[in-house]
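# Notes for the structure review
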Amino acid sequence: MDKERKLIIAGNWKCNKTVAESLALVADLRRELAAVKEVDVVVCPAFTALESVSKAILDSNIRLGAQNMGDNGYGAFTGEIAPGMLKEFSVGYVILGHSERRQFQKESDALIARKAAAAHGANLIPIVCVGETLAEREAGITNPVVETQIKGSLAGLSAEQVERTVIAYEPVWAIGTGKTATSAQAQEVHAFIRGVLVGLHGDAVARRVRIQYGGSVKPNNARELMSQPDVDGALVGGASLEVRSFADIVKNSI
Ligand code: 13P
């Protein structure tokens, strides 16, 4: 597939898998995806599996991501993980502001912006998640909701930092429900997000930002979604937990 930006497909394993299970999955993925060069492939295991997975993907084309991070550095922040701790395990990406954290941990756009700044400060690439709920979509306020999230979650970042940020558009109603946004619905919001980025930092920056789609991405809908001009990859939940489906999503996107 000829794309303006290199696709980035990340597996968000969420709160799943023991260390042994994580190792088994990446060993299979290494084999299945060894020849893939056209797509940046990222796996995001639980914190407890980062060290083992990091060693298991050495010298491979698979990159490592974390699912969250504290907004401070080292210090008296019980239960938090500092950006520098992730760097110890060669983590390159960190998912921030996933809708599950926005919902269950009440993460605000302002907190996500602080985390995004901390990530860039440590040379980690943040994957900043946005997306509307079903009620918001039905009320016809998808665009303003997403615009507020984008502006709030990227507040204070420089143009260079925004350019290196990955955005994940994940409509909440499509996560884990089997209800995928149609490729047209996804493209519409992705184009809208890119327009918001143009307003913030100009056309050249906006054109370089990769915007992933997330929400019930499966092998049978990946190609259609990835073929949309402003869809630059996928953030995959359920289907990333199994080698066959994740590898097929990557292969079907090329
Ligand atoms: P599903 O692919 O399970 O719908 O999850 C999407 C998601 O939340 C990825 O971050």
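Here the structure is shown first, and the text comes after it.
Description of the structure in this document. In this text the structure is predicted, and so the values were computed from the model without any measurement. (Residues numbered from 1 in each chain as written. Predicted model: local features only at pLDDT ≥ 70, side-chain atom pairs only at ≥ 80, totals over all residues. Heavy atoms only, no water.)

## A few points about the overall build of the chain
When helices and strands are counted, the chain shows 12 helices and eight strands. For 254 residues, the compact-globule formula gives about 18 Å, and the C-alpha radius of gyration of the chain, at 17 Å, lands near that figure. Projected onto the principal axes, the alpha-carbon positions of the chain cover approximately 45 × 45 × 35 Å. Here the chain holds 254 residues, and 52% of them are scored as buried. Taking as baseline every contact in the chain between residues at least 6 positions apart, the subset at least 24 positions apart corresponds to 73%. Of the roughly 10800 Å² of accessible surface on the chain, 53% is carried by carbon and sulfur atoms. If the 28 positive side-chain charges of the chain are averaged to one point and the 29 negative ones to another, these points end up 3 Å apart. (Helix = DSSP H or I, 4+ residues; strand = E, 2+ residues; numbered from the N terminus. Rg over C-alpha atoms; globule rule 2.2 N^0.38 Å. Buried < 20%, exposed > 50% of the residue type's maximum accessible area, 1.4 Å probe, protein only. Contact = heavy atoms within 4.5 Å. Areas by Shrake-Rupley, 256 points an atom, 1.4 Å probe, with all protein chains shown as cover. Lys, Arg positive; Asp, Glu negative; His and termini not counted. Charge placed at Lys NZ, Arg CZ, Asp CG, Glu CD.)

## Considering the site of the ligand
Residues in close proximity to the ligand total 13 residues, the closest being Lys 14, His 98, Gly 176, Ser 216 and Gly 238. The protein chains hide 97% of the 310 Å² of surface that the ligand would expose on its own. Considering only residue class, the shell around the ligand consists of four nonpolar, seven polar and two charged. (Near = heavy atom within 4 Å. Nonpolar A, V, L, I, M, F, W, Y, C, P; charged D, E, K, R; others polar.)

## Digging into the environment of Gln 67
With respect to the helices and strands, Gln 67 occurs in the loop between strand S3 (62–66) and helix H3 (83–87). Sequence spacing of Gln 67 and Ala 46 is 21 residues, and the spatial spacing of their C-alpha atoms is 7.0 Å. Apart from the residues lying within four places of it in its own chain, the contact partners of Gln 67 are Asn 12, Trp 13, Lys 14, Cys 15, Cys 44, Pro 45, Ala 46, Ile 95 and Arg 101. A distance of 2.9 Å separates the side chain of Gln 67 from the backbone oxygen of Lys 14, its partner in a polar contact. Looking at Gln 67, its side chain comes within polar contact range of the main-chain oxygen of Pro 45, at 3.2 Å. (Polar contact = N/O pair within 3.5 Å; in protein donor to acceptor, adjacent residues only side chain to side chain.)

## As for the layout of surface pockets
Counted as a void, the largest pocket has a volume near 310 Å³. In this structure, the largest pocket is lined by 14 residues; those nearest its centre are Lys 14, Cys 15, Gln 67, Asn 68 and Arg 101. Residue contributions to the lining of the largest pocket peak at three residues, all from helix H4 (residues 99–104). A per-class count over the lining of the largest pocket returns six nonpolar, five polar and three charged. Reported here for the second largest pocket is a volume of approximately 200 Å³. Forming the walls of the second largest pocket are Ser 54, Ile 57, Leu 58, Ile 62, Arg 63, Leu 64, Phe 89, Ser 90, Val 91, Gly 92 and Tyr 93. (1 Å grid on protein atoms, 1.4 Å probe; cavity = no way out; pocket = protein on both sides within 12 Å on 5 of 7 lines; lining within 4 Å. Points joined across faces, edges and corners; volume = space filled by probe spheres on them.)

## Things to note about the nonpolar core
The biggest cluster of nonpolar side chains holds 64 residues, and the ones touching the most others in it are Ile 150, Ile 167, Ile 193, Leu 197 and Tyr 213. Once residues lying within four places of it in the same chain are set aside, the contact partners of Leu 197 are Ile 150, Leu 154, Val 162, Ile 167, Gly 202, Ala 206 and Val 209. Counting residues in hydrophobic clusters, the runner-up holds 12 residues, among them Ala 10, Ile 95, Ala 168 and Leu 235. (Core = buried A, V, L, I, M, F, W, Y, C linked by side-chain atoms within 4.5 Å.)

## Let's talk about the packing of helix H11 (residues 219–226) against helix H12 (residues 243–253)
Where H11 meets H12, the axes come as close as 8 Å, and the angle between the chain directions of the two elements is 30 degrees. By the angle between their directions, the pair H11 and H12 is classed as roughly parallel. In the packing of H11 onto H12, the handedness of the crossing is right-handed. Every residue of H12 that contacts H11 at Pro 219, Ala 222, Arg 223 and Met 226 is listed here: Ser 245, Asp 248, Ile 249, Asn 252 and Ser 253. Taken together, the residues of the contact of H11 with H12 sort by class into four nonpolar, three polar and two charged. (Axes fitted to C-alpha atoms, helices over the stretch in contact; angles between N-to-C directions. Parallel < 35°, antiparallel > 145°, perpendicular 65-115°, else oblique. Left-handed = near helix turned anticlockwise from the far one by under 90°.)

## Considering the side chain of Asn 12
The topology assignment puts Asn 12 in strand S1 (residues 7–12). Here the side chain of Asn 12 touches Lys 14 through a polar contact of 3.0 Å, landing on its backbone nitrogen.

## Quick word on the pattern of salt bridges
As enumerated under the stated definition, the model contains 21 salt bridges in all. Here Lys 151 and Glu 147 are joined by a salt bridge, their closest N and O atoms 2.7 Å apart. On the criterion of helical spacing, the pair formed by Lys 151 and Glu 147 is a turn pair, its members being four residues apart in helix H7 (residues 142–153). What makes Lys 151 partly exposed here is its relative accessible area of 39%. By relative accessible area, which is 26% here, Glu 147 ends up partly exposed. For the salt bridge of Arg 208 with Glu 163, the shortest nitrogen-to-oxygen distance reads 3.2 Å. Note that Arg 208 is positioned in helix H10 (residues 203–208) and Glu 163 in helix H8 (residues 159–163), a separation of 45 residues in sequence. Of the residues examined, Arg 208 reaches a relative accessible area of 47% and is grouped as partly exposed. Residue class for Glu 163 comes out partly exposed when judged on its relative accessible area of 27%. (Salt bridge = Lys/Arg side-chain N within 4 Å of Asp/Glu carboxyl O.)

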